[in-house]
Amino acid sequence: LHGVWAGQKAGKEQAALAKKRGAMITELAHRNIKQRNLVSRQAKFDVLEQGAQAQQSAYLQSTQDIASTESEASGSGAIISGTVKDLIRSKANQGDRIQVAIAQNTNKNIESITRDTKAQNEAELYAAQQGQAVANAEAHSIHRANQRQFVSGILSTVAAGYSAKTARNKAGTGRYKDKAF
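Residues numbered from 1 in each chain as written. Predicted model: local features only at pLDDT ≥ 70, side-chain atom pairs only at ≥ 80, totals over all residues. Heavy atoms only, no water.

Caption draft 1: Geometry of the overall build of the protein chain. Tallying secondary structure elements over the protein chain gives 2 helices and 0 strands in all. Looking at the protein chain as shown, the accessible area adds up to about 13300 Å², and 57% of this sits on carbon and sulfur atoms. (Helix = DSSP H or I, 4+ residues; strand = E, 2+ residues; numbered from the N terminus. Areas by Shrake-Rupley, 256 points an atom, 1.4 Å probe, with all protein chains shown as cover.)

Right under this line is the structure:
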C-alpha cells in the first residue's frame with residue numbers, strides 16, 4: 001500500500017510541475033511583451049526626434065532659400081516685383097510641403113513600429129497561451145492516469161489480501177498464524 005501511496009504522490013508532483021511550466025511560459029511571454037513595449041516606445045521617440053530634426057533642417061533651408069532669393073532681388077536695387085514675390089511664395093509653399101511630408105513620414109514610421117510591436121506581442125501571447133493550454137492538458141492527463149493507477153493499486157492490494165485469506169481458508173486454517181511463536 002505504501003508503494004501505491006508513493007506513486008500517487010509522485011504523480012501529483014509531476015502534474016504540479018506541468019502546470020507550473022505552463023504558468024512560467026505565460027509569465028515569460030508577459031515579461032517579453034513588457035520589454036518589447038519599452039524598446040518600441042524608445043524607437044518611436046527616436047523616430048520622432050529624427051523627424052523633428054529633419055523638419056527643423058527643412059525649415060531652416062527653406063527660410064535661407066527665401067532670404068537668399070529676396071536678397072538677390074533687392075541687391076540690384078530693384079523693387080521686389082510680382083514675379084519675385086511669386087517665386088518667394090512658391091519657395092515658401094515648397095518648404096511647407098516638405099515639412100508636411102516629413103511629418104507624415106514620421107507618423108507613418110511611428111505607426112509602423114506600433115503595428116509591428118502589437119503583432120509580435122499578440123503572436124507571443126497566443127503562443128504562450130497555447131503552451132500553457134498544452135501544459136495544463138498534460139497536467140490533467142497525468143492527474144487522471146495517476147488516479148487510475150492509484151485505484152488500480154488499491155484494488156490489486158485488496159485482491160491480493162482477499163486471495164491470501166481465501167488460500168488460508170482452503171488450507172483449513174482460516175486465520176493467519178504467526179509462525180514466530
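Caption draft 2: Looking closely at the pattern of salt bridges. Scanning the entire structure with this criterion turns up 5 salt bridges. Salt-bridge contacts for E27 lead to R31; the nearest nitrogen and oxygen are separated by 3.1 Å. Pair noted here: E27 and R31 are both in helix α1 (residues 2–75), with a separation of 4 residues, about one helical turn. With a relative accessible area of 47%, E27 lands in the partly exposed category. A salt bridge links D86 to R89; the shortest N-O distance between them is 2.9 Å. Separated by 3 residues within a single helix, D86 and R89 lie in helix α2 (residues 82–171), roughly one turn from each other. (Salt bridge = Lys/Arg side-chain N within 4 Å of Asp/Glu carboxyl O. Buried < 20%, exposed > 50% of the residue type's maximum accessible area, 1.4 Å probe, protein only.)

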